[in-house]
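Fold and geometry: a report
Below, each chain spelled out in residue letters.
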Amino acid sequence: MSKYSMHLLVCGGTGCHSSESDAIVCNLRDELEAKGLTDKVQVILTGCFGFCEKGPIVKVMPDNTFYVQVKPEDAQTIVEEHVIKGRKVTRLLYKDPVNKEPVSDSKHMGFFKKQLRIVLRNCGFINPENIDEYIARDGYMALGKVLSEMTPEDTIKEIKDSGQRGRGGAGFPTGLKWELARKNQSDEKYVVCNADEGDPGAFMDRSVLEGDPHSVLEAMAICGYSIGASNGLIYVRAEYPLAIHRLQVAIKQAREYGLLGNNIMGTGFNFDINLRYGAGAFVCGEETALIHSMEGLRGEPTVKPPFPAESGFRKKPTNVNNVETLAAIPVIILKGAKWYSSIGTEKSKGTKVFALAGKINNVGLIEVPMGTTLREVVFEIGGGIRNGKKFKGVQTGGPSGGCLSEKHLDIPIDYDNLVAAGSIMGSGGMIILDEDDCMVSMAKFYLDFTVEESCGKCAPCRIGNKRLNELLGQICEGKGTLEDLDRLKNMSNVIKDTALCGLGQTSPNPVLSMMENYREEFEAHVVDKKCPAGHCRSLMEYVINPDNCVGCTACARVCPVGAIKGERKETHKIDPSICIKCGSCKEKCKFDAIFIR
Amino acid sequence: METIKLTIDNKEIEVPKGTTIYQAAKMLGIDIPTLCYMHLDDMNIENKPAGCRICVVEVNGRKNLPPSCSTDCQNGMVVKTHTTRVLNARRTVMEFILSDHPKDCLVCSKSGNCDLQSMAHRLGIREIPGQEFAAVSTYRKDTSPSIVRDLDKCIMCRRCETMCNTVQTVGALSAVNRGFMATVAPAFEQNLEHSPCTYCGQCVAVCPTGALTEVNHIPQVLRALADPTKTVVVQTAPAVRVALGEEFGMEPGSIVTGKMAAALRALGFDYVFDTDFAADLTIMEEGTELLDRLGRYLKGDKTAKIPILTSCCPGWVNFFEYYFPDLKDVPSTAKSPQQMFGAISKSYFADKIGVNRKDMVVVSIMPCLAKKYECQRDEFSVDNNPDVDYSISTRELAAFIKQANIDINTLADEDFDNPLGESTGAAVIFGTTGGVIEAAVRTAYEVFTGKKLEKIDFTELRGMEGVRSATIDFNGLPVNIGIAHGLGNARKLLNDVRAGKSQFHAIEVMACPGGCIGGGGQPLHHGNSEVLKARAAALYSEDKNKPLRKSHENPFIIKLYEEFLGKPNSEKAHHLLHTHYFDKKEKIIIKK
């Protein structure tokens, strides 16, 4: 590797992949070959850079030049101009959204400046299908250190001292979880990686699995050593074919190098990993449902206690950890608990990967230290609200979380602060909402999801969520009352209080949080029968402004239900009882005479 | 043994480690409500999905309300079972369940006997909000020969699934679909008739709502009784007489034989006979078969199949025809008492009274739902006229008696009619697990050894354990007896037979846990196994009080052979009273 003087890193994450980043790689290689540079310049297909808004990404090393929205046809220009002549291709450089100037490299980009990439350390740097590149960046060194210099108890203590907490959503202390699994005596134990990432729009785990699968394998082996397990299982959702492929390649390579299997590194420690596939059920991200799914049973959660550490897969002690939780483990071992716990807040150590989505300029994947404020994430890293609209809220934690409003923007992000603010960290999804988003509809949208994904075992989630969903629908259609808001609150609290698993226990969170932080909007829907954001169709009234209407009859002719009446050259009128609010008339009107009230 | 001290509703209690809050509360006389939890002690049957969330309680230090059925007691735990928070939660969850349930209590066959109805009443539910726009989960209705499924009424308690999969290991029912449309049904929501269902009816026995009920044959019986051209004959199974009283407010285990006969006569049956008579007949035939096979086997005859298996239970017959068709020569060829009765009634008795078999209607009162299916089997008819026309369950009979304005509490005892009404104590105990084989042993012993039994009670064959075994000394010859009740236990013994490892000479199998007293057609036990034990005890008590206790001593049986059949296993006996079995392994494959 050291013989290369330049590396062209092309993003191979799913997003850029579907924008033909494969073709960019091919074309770059062809160009380099044509120019006889293949032994001086290497092209690498890497994992996700996280800047999905501007993909496909090509990064040039060692100068960190960051090209965005690259097309396969640009390969020739990049080679001729940048590689050979040393001149950056300005038109492909990222432009600062404020001063509109091209930014010379990633170190000067607002998107990357405040990030601290620990979990994503290798994503965007290495070819995930080449174990040598992982090893070259200190891969498997942590496993070596643990096996040769540390006892299982030492290792667990290190993880405990680091303050690492589960990144799947619950935030349980990881070291403690390992310790509990270690304590339970058994001839067989299991290490399970939960790669069933199910929150809609979340792709943190996917990026790690696609971009740096060995980090997970190494962490699982370290965990196996610590708790006394020789079997590892990764439960990965079947909707991630690229991640599955990368994992299969990584496992095969690790086995070939003796880093998985029997007698790892000659220490006598045995540990191997196999894959299990999900089948399209969000509920199977819940650890007991996941375990039962792997056992061949219906993917339904079961009561805890007993916890998997005591009785899990095949009733044996099992440790289940999220992908992101595991990906940080090798770094914690190598750099130490003291270093890791110096990052973050008092009770939430380390970094968190967030998937920024919604009405934000820089849609993508970021990793920031715990304690970063929401304002920094949304406005500095995220680049602010797109199209110049006004910030309204940020939904965190997916369907299990709540919505934080303007008054929460300066909260340092950590597990406990978010809970105190009425939401949760969850797995890291952040959906940014603006003035055009209706919070009642958002709550209903999340209930649409949880109603679909509920396993059906317990009554409060199976039926209660459905009723919540229906009532929200009624409110969005203008058929709700103030009493219904009380009903929403009571049903939500009871569902939270009585549901069997985390899915039901958190599914009412969007409702409660939205009602708490955006109460006026709910009241507008039920008292005034209006949607302030202008989103709920049934509450919109299409009206013709008599000042502007010239009676051209264009709207009446395009109306699919004949709701518009009027004589030629006379002001037309829309009958609200017939109007279906399709918006065709407003689109057709050339005189700006139709508005929504 | 380690004990735990905790407080429930301000009352202290000390319990063994591993006791749940629900159980500890019960010990204190605190009855926490539940819909899905069901525990039949002594029978190792427990359904505990923790899904209904009705049994939730408040526990100090716990954020949510945990389900008391699935939460172990911990030292120092403080539990409150009826704070306003708990009551509000319980009622709201109940409202949810009721919101997705048909509102046809008035015409539902479970009305008055429905756990959901009772719970709604107990919790004082007066309205179900949001009904104007609430979706309900609806499904296709399914009627099989024995069981009716109306899944609109299913509340996902999973009791039927536990019985069918875990206890019976039949596997006809399991949870299907996800979320709001989740229900318990055969795979691909197929009809029961196309599934491995054996019609044992245990699902019906435990269903807390009207989702699973029996097919109602009262209308057909009424029509027969009203038809002046028909002679209607009724036979009653042993297990009915120790359970029927429960439907009229009597204690479980009340023996109402005489009152039952009186009621049946009052209902208009022309002849009131006793299935127990045919049970004695079954012993004659099956006992002879047992001795014949055993004798040949001991002499080294390789064609003699040992062990011999009892075959009076149609749920069990279905089970081995589906799952063990390779062993279909192993069970006894004797028909069940119900069917033997029908065959004899429509030949021997019909001749005696000069009635054409087509003008005779034979009705059976059974604790069993599989009997409804059994009497429809093709091989149990002559020229399309079935030996037994209709089988009705104990529950249906009780309803029928009430519709005739009769309260059996007020009836004086009456006897059965003859010649098909006399029975011995051996026949009575057919209704409980271990009873059939004990009856067989009583006769086989005396016939084989030529000696009189000194001790008639074989207590080593009795009990509620799922798999039992005993060795009976036949005057120097040890005969190994195996007993299983519950099809899951039967499967264990059958696996040994298939592998050639069975140590038994004879095995008695009953599909229903407890035997027929726990049948799918009996008054519901509502999860209380004491009811089943009381019924079994009542049968042994009735046996003890009978003057004749061995089947071969029944004078009317002796007369039947003299006048009509000749001797056990004669050609006539074989033709009327024996059957053969079929390979039905395609039934365990469900096609979409």
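Our structure's up above, just so we're on the same page.
Reference entry: report on the structure contained in this document. On a predicted model such as this, the values are computed, not experimentally measured, just so you know.

1. Focus: the overall build of chain B
- Within chain B one finds 18 helices and 21 strands.
- For chain B, the C-alpha atoms occupy an extent of roughly 75 × 60 × 50 Å along the three principal directions.
- By residue count, 63% of the 592 residues in chain B fall in the buried class.
- For chain B, the computed accessible surface area is about 22500 Å², with 50% contributed by carbon and sulfur atoms.

2. With respect to the interface of chain A and chain B
- On the chain B side, the residues contacting the 34 residues of chain A number 35 residues.
- A buried area of about 2800 Å², summed over both sides, lies between chain A and chain B, and 55% of it is on carbon and sulfur atoms.
- Here chain A and chain B share 3 salt bridges between them.
- The closest approach of N and O atoms between arginine 158 of chain B and glutamate 300 of chain A, which form a salt bridge, is 3.0 Å.

3. With respect to unusual backbone geometry
Residue and element names in this part refer to chain B.
- In the segment running from isoleucine 306 into proline 307, the intervening peptide bond is cis, with an omega of 5°.
- Along the chain, the position of proline 307 falls in the loop between helix 8 (275-298) and strand 14 (308-309).
- Following asparagine 418, the chain continues into proline 419 via a peptide bond in cis, with omega recorded as 10°.
- Mapped onto the secondary structure, proline 419 falls in the loop between helix 12 (394-403) and helix 13 (425-428).
- Despite not being glycine, methionine 156 has its phi angle at roughly 60°, a positive value.

4. What about the side chain of asparagine 489 of chain B?
- Inspection of the secondary structure puts asparagine 489 of chain B in helix 15 (residues 487-498).
- Residues contacting asparagine 489 of chain B, with those up to four places away along its chain left out, are Gly466, Val467 and Ala484 of chain B.

5. Notes on the sheet that holds strand 1 (residues 3-8) of chain B
All names here are of chain B.
- Spatial ordering of the open sheet is given by 2-1-6-5, a layout of 4 strands whose pairing is mixed. A strand with exactly one partner marks an edge of an open sheet, and here the two such strands are strand 2 (11-16) and strand 5 (58-59).
- The pairing of strand 1 with strand 2 spans 6 bridges and is classified as antiparallel. Within the sheet, the bridge partner assigned to isoleucine 8 lies in strand 2 and is lysine 11.

Reading the values: the criteria
- Along each chain, numbering runs from 1 in the same order as the chain's sequence is written.
- A letter from A marks each chain and a number from 1 marks each ligand, given out in the order of writing.
- Predicted model: local features are reported for residues with pLDDT of at least 70 only, side-chain atom pairs are reported and counted for 80 or more only, and whole-chain, interface and lining totals are derived from all residues.
- Remark: hydrogens and water are excluded; side-chain values derive from all non-hydrogen atoms of the structure.
- Strands are runs of DSSP state E lasting at least two residues, helices are runs of H or I lasting at least four, and both sets are numbered from the N terminus onward.
- Relative accessible area decides the class of each residue, using a 1.4 Å probe on protein chains only: under 20% of the type maximum gives buried, over 50% gives exposed, and in between gives partly exposed.
- Computed with a 1.4 Å probe, the accessible areas rest on the Shrake-Rupley method; for each residue, only the protein chains presented here act as cover.
- The contact definition used throughout considers only heavy atoms, calling two residues in contact when any of these lie within 4.5 Å.
- Buried area: the accessible area, evaluated with a 1.4 Å probe, that two parts lose upon being put together, summed over both parts.
- Salt bridge, as used here: a side-chain nitrogen of Lys or Arg that lies within 4 Å of a carboxyl oxygen of Asp or Glu.
- Two strands qualify as a pair provided that DSSP identifies no fewer than 2 bridges between them.

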